[in-house]
Amino acid sequence: MAPTPRRTGRAPEITARAPAWAVALLGGVLLWSLGTDLRSVFETSGGWSWGLLLLVVKVILDHGSLVLVGVRPYAAAIAIWIVLPITVISGHIGTTVLSVPGVTAGVLALCRPRSAALHLAICGAWVVVHAASGTDPMTGWTLVLFLVPAITGGLVTRWFLTRIAGERERSRRATALATRVREQERLELSRELHDVVASGLALISLETSSVEDSEDPAELRQALATVQQTSRAAAAELRLLVRTLRDPPGESSGSPLAEFRRAGTLAEVTREVVQALIEHGFEVELDLRAFDGIRAEELQPSVLHSYLRILQEATTNVIKHAPPGAACSVAGAIREGQLSIRIANRLDEPTPAGSDGVGLKGIEERAALTAGTVSYGEEQGRWLVAASLPLRPS
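Here goes a summary of the coordinates provided. (Residues numbered from 1 in each chain as written. Predicted model: local features only at pLDDT ≥ 70, side-chain atom pairs only at ≥ 80, totals over all residues. Heavy atoms only, no water.)

**A word on the pattern of salt bridges**
And step 1. Within the structure shown, the criterion is met by 7 salt bridges.
And step 2. A salt bridge links Arg 172 to Glu 169; its shortest N-O distance comes to 2.6 Å. Of this pair, Arg 172 and Glu 169 both sit in helix H6 (residues 137-210), 3 residues apart, roughly one helical turn.
And step 3. On the basis of relative accessible area, Arg 172 is assigned to the partly exposed category, the value being 49%.
And step 4. Its relative accessible area of 24% is what places Glu 169 among the partly exposed residues.
And step 5. Residues Glu 297 and Arg 295 are paired through a salt bridge, measuring 2.6 Å at the closest nitrogen-oxygen approach.
And step 6. Look at Glu 297 and you get partly exposed, because its relative accessible area is 34%. (Salt bridge = Lys/Arg side-chain N within 4 Å of Asp/Glu carboxyl O. Helix = DSSP H or I, 4+ residues; strand = E, 2+ residues; numbered from the N terminus. Buried < 20%, exposed > 50% of the residue type's maximum accessible area, 1.4 Å probe, protein only.)

Here it is as C-alpha cells:
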C-alpha cells in the first residue's frame, strides 16, 4: 500500500522575500531621502540636544524599516515599534506617515499571524493616541487614509502568497511521496529478482558442483535433469515477474502465487516448497498439523506471498549451507492470530559461510510489510530461521 502524506492543520509558512535588485533600488532612493530629511532636521533644530538625537534615530529607523521590510520583515516591525513612541514624545511625524503603512503592509503579508496581529495592534494604538491628543486633527485622518489601503494590500498579498506556498508544499509532499513509492518499488523488485534468480542459480551451482568429479552417467543425467528443471522454473517465474510489471495492478491468474492458492491447504503448499530439500537428500522432519485446516486461498495475498518467499529463502539456505544429507526440521504453528514457521538445520560451521546476507535482509523486509517478524541465527549447533506473520494484517 502506498504511503499517504500526513495532513497538518497549520497553514504553510510564507518564505517569499523581495528580490535583491528591488531592495537595492529602493535602498538607493531612500538613502537620498534619508540625507534630505537629516539635513532638514539639523537645519530646524536649535542645536545639539537629546531631542535632536531622538529625531535622528527616528529618521534613520523610518528609512531603514522601509528597506528591511521586504527581506527582514520582523526587524522592520521592531524598528517601527521603536519609532512610534519617539513620535509621541517629540510630536514629530514626518516620514513616519509613510514608513508605518509601508511596513504594516509588508508585515501583514510576510510575518506569522500572531506577529502581524501584534504589529497591527501597536500601530492602531499609536493612531488612537495621536487622534486623542488633538494637536493636529488632520494627522489622524492622514494616518487612517494611508493605513487602510496598506492593510488591505498586505492582506491581499498574504492571501496570494499563502496560496503559492500551499501549492509548493503540496508539490513537495507529492514529490516526496513519489520518491518513497519508487524506492519501495525498487526494493520490492530487488527482493523478487533475488528470490527468483539468485535462489535458482544457487541451486544450479550446488547441483553442478556436486557432480563435478563424477563419472557416473546416471548421476550426471540426474544432475542435468535437476539443472534443467530449476532453470526452467526460474525462467518461468522471471517471465511472470516481467509480465506483472507490465500489466496493470492485480493478481495474474498465471502467477506463482495464484498457482499456490489453488494447491489446497497451507500444509500442502509448504510440503511442495520443502520438497526441494528431500530431492537434495536431506532428512526432513515435518510438523505441519496446525496448517492442515487452513486453505491457502483463505490467506490474504500479501501474507501468503511473504510466507512463500520466506519459506523459499530458508529452504535455499539449508541446501546451500547445511552439510549434505543433514537432518532438518520444518514446523508450523498458529497462535493468537499469528502464522509461525520454523526451519532448522544442523551446522558444521558456527555460522553459514559464503552468504552476503541479501536473502536474510529480504525476508526481514517481507515480514515487515505485513507487520510480521523474522529472527535467525545459530542455536545449539543448528541454524534456525523463525518467522511470524499475522493471519489478518491490519
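**Description of the packing of helix H3 (residues 73-90) against helix H4 (residues 96-110)**
And step 1. Two elements in contact, H3 and H4, have axes separated by 10 Å at closest approach and are oriented at 145°. Two packed elements cross with a definite hand, and for H3 against H4 that hand is left-handed. Contacts between H3 and H4 involve Pro 73, Ala 76, Ala 77, Ile 80, Val 83, Leu 84 and Thr 87 from the first element and Thr 96, Ser 99, Val 100, Val 103, Val 107 and Leu 110 from the second.
And step 2. The residue inventory of the contact of H3 with H4, partitioned by class, reads 10 nonpolar, 3 polar and no charged. (Axes fitted to C-alpha atoms, helices over the stretch in contact; angles between N-to-C directions. Left-handed = near helix turned anticlockwise from the far one by under 90°. Contact = heavy atoms within 4.5 Å. Nonpolar A, V, L, I, M, F, W, Y, C, P; charged D, E, K, R; others polar.)

**Here's the deal with the pairing of strand E2 (residues 327-335)**
The side chains of a regular strand alternate, residue by residue, between the two faces of the sheet.
And step 1. Relative to E2, strand E1 (residues 283-287) runs parallel, the two sharing 5 bridges. Bridge pairing in E2 links Leu 286 to Val 330.
And step 2. The handedness of the E1 to E2 crossover, carried by helix H10 (residues 301-321), is left-handed.
And step 3. The sheet contact formed by E2 and strand E3 (residues 338-346) spans 8 bridges and is antiparallel. (Pairing = 2+ DSSP bridges. Right-handed = clockwise from strand over helix to strand, strands pointing away.)

**Remarks on unusual backbone geometry**
A negative phi holds for most residues other than glycine; trans holds for most peptide bonds.
And step 1. One non-glycine residue, Ala 371, adopts positive backbone phi at about 65°.
And step 2. Here Ala 371 is to be found in the loop between helix H11 (358-369) and strand E4 (373-379).
And step 3. Backbone geometry at Gln 380 places phi at a positive 55°, although glycine is not the residue there.
And step 4. You can see Gln 380 is positioned in the loop between E4 and strand E5 (382-390).

**Examining the sheet that holds E2**
And step 1. With mixed pairing, the 5 strands of this open sheet are ordered in space as E1-E2-E3-E5-E4. Edge positions in the sheet fall to E1 and E4, since each of these pairs with one other strand and no more. Across this sheet, the average inter-strand angle for adjacent strands is 10°, counted without regard to direction.

**Here's the deal with H10**
And step 1. With 21 residues, H10 extends 30 Å from end C-alpha to end C-alpha; this agrees with the ideal 30 Å at 1.5 Å per step.
And step 2. In terms of residue burial, H10 counts as a mostly covered element, since 17 of its 21 residues are buried. (Expected span 1.5 Å × (residues − 1).)

**Quick word on the packing of aromatic side chains**
And step 1. One pass over the structure, following the stated rule, counts 3 aromatic pairs.
And step 2. Their ring planes at 85° and their centres at 6.1 Å tell us that Phe 291 and Tyr 307 sit as a pair that is edge-to-face. One end of the pair, Phe 291, is in the loop between E1 and H10; the other, Tyr 307, is in helix H10, with 16 residues separating them in the sequence. (Phe/Tyr/Trp six-rings, centres within 6.5 Å; stacked < 30°, edge-to-face > 60°.)

**Quick word on the nonpolar core**
And step 1. In terms of nonpolar packing, the biggest core is built from 39 residues, with Leu 266, Phe 282, Phe 291, Tyr 307 and Ile 341 touching the most fellow members.
And step 2. Among the elements of the structure, helix H9 (266-279), H10, E2, E3, H11 and E5 are those that each provide at least two residues to this core.
And step 3. Ranked by residues supplied to this core, first place goes to H10 with 9 residues.
And step 4. Ignoring anything within four residues of it in the chain, the contact list for Tyr 307 reads Leu 266, Thr 270, Phe 291, Leu 339, Ile 341 and Leu 389.
And step 5. Listed in part, the 19 residues of the second largest apolar core include Ala 77, Ile 93, Trp 126 and Val 127. (Core = buried A, V, L, I, M, F, W, Y, C linked by side-chain atoms within 4.5 Å.)

**Here's the deal with H9**
And step 1. With 14 residues, H9 should cover 20 Å at 1.5 Å per step; its first-to-last C-alpha distance of 20 Å lies within 8% of that length.
And step 2. Residue Val 273 marks the point of greatest curvature in H9, where the axis turns by about 35°.
And step 3. Among the residues of H9, Leu 266, Ala 267, Val 269, Thr 270, Val 273, Val 274, Ala 276 and Leu 277 are the ones counted as buried.
And step 4. Directly beyond the C-terminal end of H9, a positive phi value near 85° is found at Gly 281. (Bend = angle between axes of the 7 residues up to and from the residue.)

**Some points on a nonpolar patch on the surface**
And step 1. Judged by side-chain polarity, Leu 98, Leu 145 and Phe 146 come together as a nonpolar surface patch covering roughly 300 Å² of accessible area.
And step 2. Inspection of the secondary structure assignment puts Leu 145 in helix H6.
And step 3. The exposure class of Leu 145 is exposed, given its relative accessible area of 61%. (Patch = residues over 30% accessible without salt bridge, like charges linked within 9 Å, V, L, I, M, F, W, Y side chains within 5 Å. Areas by Shrake-Rupley, 256 points an atom, 1.4 Å probe, with all protein chains shown as cover.)

**Considerations on the packing of H9 against H10**
And step 1. Contact pair H9 / H10: the axes reach a minimum separation of 9 Å and the direction vectors enclose 25°. When the axis of H9 is compared with that of H10, the two are roughly parallel. Remark: the crossing between H9 and H10 carries right-handed chirality. Between H9 and H10, the contacting residues are Leu 266, Val 269, Thr 270, Val 273, Val 274, Ala 276 and Leu 277 on the first element and Leu 304, Tyr 307, Leu 308, Leu 311, Gln 312, Thr 315, Val 318 and Ile 319 on the second.
And step 2. By residue class, the composition of the contact of H9 with H10 is 12 nonpolar, 3 polar and no charged. (Parallel < 35°, antiparallel > 145°, perpendicular 65-115°, else oblique.)

**Re the environment of Thr 87**
And step 1. Looking at where Thr 87 falls in the secondary structure, it is placed in helix H3.
And step 2. Along the sequence, Thr 87 and Trp 126 sit 39 residues apart, while their C-alpha atoms lie 9.3 Å from each other.
And step 3. Each residue touching Thr 87, except ones within four places of it in the same chain, is listed here: Lys 58, His 92, Thr 96, Trp 126 and His 130.
And step 4. Side-chain polar atoms of Thr 87 contact the side chain of Trp 126, separated by 2.8 Å. (Polar contact = N/O pair within 3.5 Å; in protein donor to acceptor, adjacent residues only side chain to side chain.)

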